[in-house]
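Residue-level structure breakdown
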Amino acid sequence: MSQFETILAAYQKFPEEFQSLVICTVDKDGMPNASYTPFVMDKEKNIYIYVSGLSSHTQNLHALPKASILFVEDESKTQQIFARRRLSFDCDAQLIERDTHLWLQMVSQFKTRFGNIIEMLEQLPDFRIFQLKPKSGRFVVGFGAAYEVDPNNFNNLIHVKGK
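Residues numbered from 1 in each chain as written. Predicted model: local features only at pLDDT ≥ 70, side-chain atom pairs only at ≥ 80, totals over all residues. Heavy atoms only, no water.

**Observations regarding the pairing of strand β4 (residues 66-72)**
- Side chains Ala 67, Ile 69 and Phe 71 of β4 all project onto a buried face; the interleaved residues Lys 66, Ser 68, Leu 70 and Val 72 project onto a face where none is buried.
- In terms of strand pairing, strand β1 (residues 20-26) meets β4 through three bridges, oriented antiparallel. The residue bridging Ile 23 from the neighbouring strand is Ile 69, located in β4.
- Sheet topology note: the β4/strand β5 (residues 86-96) ladder contains seven bridges and is antiparallel. Residue pairing in the sheet places Leu 70 in a bridge with Ser 88 of β5. (Buried < 20%, exposed > 50% of the residue type's maximum accessible area, 1.4 Å probe, protein only. Helix = DSSP H or I, 4+ residues; strand = E, 2+ residues; numbered from the N terminus. Pairing = 2+ DSSP bridges.)

**Describing the packing of aromatic side chains**
- This model, assessed by the stated rule, comprises ten aromatic pairs.
- Both rings, one in Phe 14 and one in Phe 18, keep their centres 5.1 Å apart while their planes meet at 70 degrees; by these two values the pair is edge-to-face.
- Arranged with centres 5.2 Å apart and planes meeting at 65 degrees, the rings of Phe 39 and Phe 71 form a pair that is edge-to-face. A residue pair is termed long-range when its members are at least 10 positions apart, and Phe 39 in strand β2 (residues 32-41) and Phe 71 in strand β4 qualify at 32 residues. (Phe/Tyr/Trp six-rings, centres within 6.5 Å; stacked < 30°, edge-to-face > 60°.)

**A few points about a nonpolar patch on the surface**
- A cluster of nonpolar side chains, namely Ile 81, Phe 82 and Phe 143, defines an oily patch on the protein surface of about 400 Å² accessible area.
- Inspection of the secondary structure puts Phe 82 in the loop between β4 and β5. (Patch = residues over 30% accessible without salt bridge, like charges linked within 9 Å, V, L, I, M, F, W, Y side chains within 5 Å. Areas by Shrake-Rupley, 256 points an atom, 1.4 Å probe, with all protein chains shown as cover. Salt bridge = Lys/Arg side-chain N within 4 Å of Asp/Glu carboxyl O.)

**Observations concerning the nonpolar core**
- Residues Ile 49, Ile 69, Phe 71, Phe 89 and Leu 132 are the most contacted members of the largest nonpolar core, which totals 26 residues.
- Those elements that provide at least two residues to this core are α1 (3-13), β1, β3 (47-52), β4, β5, β6 (127-142) and β7 (145-149).
- At four residues, the largest contribution of residues to this core is made by β5.
- Discounting chain neighbours no more than four positions away, the residues touching Phe 71 are Phe 14, Pro 15, Phe 18, Ser 20, Leu 21, Phe 39, Met 41, Arg 85, Arg 86, Leu 87 and Phe 89.
- Counting residues in hydrophobic clusters, the runner-up holds twelve residues, among them Tyr 50, Trp 103, Leu 121 and Ile 129. (Core = buried A, V, L, I, M, F, W, Y, C linked by side-chain atoms within 4.5 Å. Contact = heavy atoms within 4.5 Å.)

**Details of helix α3 (residues 101-114)**
- Its 14 residues place the ends of α3 20 Å apart at the C-alpha level, agreeing with the 20 Å of an ideal helix rising 1.5 Å per residue.
- Immediately downstream of α3, the backbone of Gly 115 shows phi near 85 degrees, a positive value. (Expected span 1.5 Å × (residues − 1).)

**Let's talk about the environment of Thr 78**
- Mapped onto the elements of the fold, Thr 78 is located in the loop between β4 and β5.
- For Thr 78 and Asp 27, which are 51 residues apart along the polypeptide, the C-alpha to C-alpha distance reads 33 Å.
- Apart from residues lying up to four places away in sequence, Thr 78 is in contact with Glu 73, Ala 83 and Arg 84.

**Some remarks on the environment of Val 72**
- When you line up the elements, Val 72 lands in strand β4.
- For Val 72, a relative accessible area of 23% corresponds to the partly exposed category.
- In sequence terms Val 72 and Phe 139 are 67 residues apart; their C-alpha atoms lie 9.9 Å from each other.
- If we ignore the near neighbours within four places in the chain, the residues touching Val 72 are Phe 14, Phe 18, Arg 84, Arg 85 and Arg 86.

**Details of the side chain of Asn 46**
- Counting through the fold element by element, Asn 46 comes out in the loop between β2 and β3.
- Using a relative accessible area of 6% as the deciding quantity, one classes Asn 46 as buried.
- Sequence-distant contacts of Asn 46, defined by excluding residues within four places in its chain, comprise Val 40, Met 41, Gln 131, Leu 132, Lys 133 and Pro 134.

**Brief notes about the pattern of salt bridges**
- Scanning the model with the defined rule gives eight salt bridges in all.
- Between Asp 92 and Lys 135 there is a salt bridge; the shortest N-O distance is 3.8 Å. Placement of Asp 92 in strand β5 and of Lys 135 in strand β6 is noted, with a sequence separation of 43 residues between them.
- Residue classification places Asp 92 among the partly exposed residues on the basis of a relative accessible area of 26%.
- Residue class for Lys 135 comes out partly exposed when judged on its relative accessible area of 48%.
- Arg 138 is the salt-bridge partner of Glu 148, the closest N and O atoms lying 2.4 Å from each other. On the criterion of sequence distance, the pair formed by Glu 148 in strand β7 and Arg 138 in strand β6 is long-range, its members being ten residues apart.

Structure representation (structure tokens):
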């Protein structure tokens, strides 16, 4: 297996190491807000979050349906704190209407992944599901080892080379 194939395989598996992601949104006044949320991901790298309408990031997604998300290697597992493995995506957000086919499908996936807590959340009217559709992304595996996510195929990478 070539070095690129090894990195591509690591990229494909990296989100599976996490149950939650870091999410950054912006409010109507342009103030950024960082938070976290559990997620599920589909084969096309669309990310689904099940969030409370009371949270700042949910209110921000309603006002400005864009987010930046981050998966970052645990500090205790990194060999170099300045070069933690990380994957980020800039995304467009779309609210999934309650009780639609897609909503029911995602609730089922959340139940499979997170268990009984989802049955409780389903009963809370302020909880909603957003689809975060990546527009661009970057996978960093160390110093000088950055890869853009191919915008034409989110399952592929393009090596970023210095100037």
